[in-house]
Amino acid sequence: MELPLEQSRPSNIENEKAVGLILKYINDLKSNKTPSYPLQLKGTEHEKIIKELNSLVQKNEETQNNRENQITNLITKKKEAQNTEKEHIQFMLRAAQNILNPLNGILGFLDILLSSPENLSIEDKEKYLNFIRQGEFALLQNIDHMTAYANIMTSDNPGAGFCRTKQVLKYVVQKANDKTIIKYKRQESIQISQVVQKMDLFLQISENSIKLIWNVLIEFVITLFKKAQITLDIIEDNNGIILKTVVIAEDFVRKEQISSLENFISASGDKTLYKPQIGIPLFVAQKQLALINGEYSLNIKTSKKIVLYINIPNAICAEKE
């Protein structure tokens, strides 16, 4: 037989004890102290109040943590925005300087050729014309890099697109063998070839993105070696691809060359922009490579052979043919 309701209620002493604990609990909260949590008043008529208080404390703690996380995220985003703005300003200043230098050179040599052509020998005329051609090449390169940078900064999904490995490899080899580049870089004997592709992979990456990233690496390698054989290959790797560049030097690879390659690979951010000649193209290539989650790497095989890799994950979007 159940007891009457009034007989199951707690005594006045128990109620007073419960009220005292609740008041102490509330005072602790007001004083920003950590109250004894949770309050053990199970079985009393104040149990519901205690549960609500405990729930309120938990919600307050979660709210405070969320606010702290939001503030931290805002600070991080602010720093990222400031760094991006700083990089952007540095890029524009560096690009402007890279355009002004060859432009001033072109104008200066044109003035010499036009002002007193009768006083110049055939050799001098050819020398000045060659300087003008080099200046034109430098201008076109800088304009290309500025266009690529503008596309990266304004496009909703820069790097997205489709291409085939055989087409990319063919273009990059032709570009690397361009006599203008070799002559401009003042190399004596650079032989560039490709590994015969047994398959043609269909990639879900913009062809221009791969060309930009790979051409920058190849042109930098060309500046380091006067005599070398360079072989290019595209390898399938767990649904990704590896752009492989094998360099076999005629002489022993020097420590300075290895150091330059390591610095090229590890360069990042605003420090990249201050690298002579390679700064602008490397900066743009790194931006593009980061957007497709790729990375550079270096492997020294022998004293005359080094291999450079550009790893691009999740690039293949169709079955092999």
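In short, a report on the structure. (Residues numbered from 1 in each chain as written. Predicted model: local features only at pLDDT ≥ 70, side-chain atom pairs only at ≥ 80, totals over all residues. Heavy atoms only, no water.)

1. Topic: the overall build of the protein chain
- Summing up its helical and strand segments, the protein chain has ten helices and seven strands in all.
- The buried share of the protein chain, taken over its 321 residues, is 37%.
- For the protein chain, restricting intrachain contacts to residue pairs at least 6 apart in sequence, the fraction spanning at least 24 positions comes to 71%.
- Entry remark: accessible area of the protein chain is about 20,200 Å², with carbon and sulfur atoms responsible for 51%. (Helix = DSSP H or I, 4+ residues; strand = E, 2+ residues; numbered from the N terminus. Buried < 20%, exposed > 50% of the residue type's maximum accessible area, 1.4 Å probe, protein only. Contact = heavy atoms within 4.5 Å. Areas by Shrake-Rupley, 256 points an atom, 1.4 Å probe, with all protein chains shown as cover.)

2. Topic: the pairing of strand S5 (residues 240–249)
- Most of S5 is tucked away: eight of the ten residues are buried.
- Across ten bridges, the pairing between strand S4 (residues 227–237) and S5 is antiparallel. Looking at the pairing, Asp237 lines up with Gly240 of S5.
- Where S4 folds back on S5, the antiparallel hairpin that results is connected by two residues, among which Asn238 adopts a positive phi of roughly 50°.
- As paired strands, S5 and strand S7 (residues 305–312) are joined by eight bridges and run antiparallel to one another. Bridging from a neighbouring strand, Ile248 pairs with Lys305 of S7. (Pairing = 2+ DSSP bridges.)

3. Quick word on a nonpolar patch on the surface
- On the surface, Leu100, Leu103, Leu107, Leu110 and Leu114 cluster together into a nonpolar patch covering about 460 Å² of accessible area.
- Note on placement: Leu114 falls in helix H3 (residues 47–115). (Patch = residues over 30% accessible without salt bridge, like charges linked within 9 Å, V, L, I, M, F, W, Y side chains within 5 Å. Salt bridge = Lys/Arg side-chain N within 4 Å of Asp/Glu carboxyl O.)

4. So, the pattern of salt bridges
- Across all of its chains, the model carries six salt bridges by this definition.
- When the shortest N-O distance is used, the salt bridge between Lys211 and Glu207 registers 3.0 Å. Of this pair, Lys211 and Glu207 are both found in helix H7 (residues 207–224), four residues apart, which corresponds to roughly one turn of the helix.
- Residue classification places Lys211 among the buried residues on the basis of a relative accessible area of 13%.
- The salt bridge involving Glu256 is made with Arg254; its shortest N-O contact spans 3.9 Å.
- Residue Glu256 is classed as exposed on the basis of its relative accessible area of 51%.
- We classify Arg254 as partly exposed; its relative accessible area is 45%.

5. As for helix H10 (residues 279–291)
- For H10, with 13 residues, the first-to-last C-alpha span of 19 Å sits near the 18 Å given by 1.5 Å per residue.
- Where burial is concerned, most of H10 is hidden: ten out of the 13 residues are buried.
- For H10, the full list of buried residues reads Gly279, Ile280, Pro281, Leu282, Phe283, Val284, Ala285, Gln286, Gln288 and Leu289.
- Trailing H10 by a residue or two, Asn293 shows a phi angle of about 60°, which is positive. (Expected span 1.5 Å × (residues − 1).)

6. Overview of the packing of aromatic side chains
- A full pass over the atoms with the stated rule returns eight aromatic pairs.
- Aromatic pair Phe220 and Phe264: ring centres 4.6 Å apart, planes at 20°, arrangement stacked. Taken as a pair, Phe220 in helix H7 and Phe264 in helix H8 (residues 255–266) lie far apart in primary sequence, 44 residues in all.
- We classify Phe220 as buried; its relative accessible area is 11%.
- You can call Phe264 buried: its relative accessible area is 2%. (Phe/Tyr/Trp six-rings, centres within 6.5 Å; stacked < 30°, edge-to-face > 60°.)

7. Topic: the sheet that holds S4
- Overall, mixed pairing links the five strands, which are arranged S2-S4-S5-S7-S6 in an open sheet. Either end of the sheet is taken by a strand with one partner, and the two such strands are strand S2 (189–194) and strand S6 (295–300). Across this sheet, the average inter-strand angle for adjacent strands is 20°, counted without regard to direction.
- Across the sheet, helix H5 (residues 165–176) touches S2 and S4, and the angle it forms with S4 is around 165°. (Axes fitted to C-alpha atoms, helices over the stretch in contact; angles between N-to-C directions.)

8. Re the pairing of S6
- Of the strand pairs in this sheet, S6 and S7 are connected by six bridges, and their pairing is antiparallel. Note on S7: the bridge partner recorded for Asn299 is Val307.
- Taking the residues between adjacent antiparallel strands as the criterion, S6 and S7 are bridged by four residues.

9. Quick look at the nonpolar core
- In terms of nonpolar packing, the biggest core is built from 56 residues, with Trp214, Phe225, Leu232, Ile241 and Ile310 touching the most fellow members.
- At eleven residues, the largest contribution of residues to this core is made by H7.
- Counting six residues, the second-largest nonpolar core is a separate cluster that includes Ile106, Leu113, Leu120 and Ile132. (Core = buried A, V, L, I, M, F, W, Y, C linked by side-chain atoms within 4.5 Å.)

10. As for H8
- Between its first and last C-alpha atoms H8 spans 16 Å; for twelve residues at 1.5 Å apiece the expected length is 16 Å, and the two agree.
- All buried positions along H8 are accounted for by Gln257, Ile258, Leu261 and Phe264. Each buried residue of H8 lies within a common arc of 120° when the element is viewed along its axis, so the set occupies one face. More than 90 degrees from the buried face of H8, the exposed residues found are Lys255, Glu256 and Ser266.
- Against H7, H10, S6 and S7 lie the buried residues of H8. (Arc of directions from axis to C-beta.)

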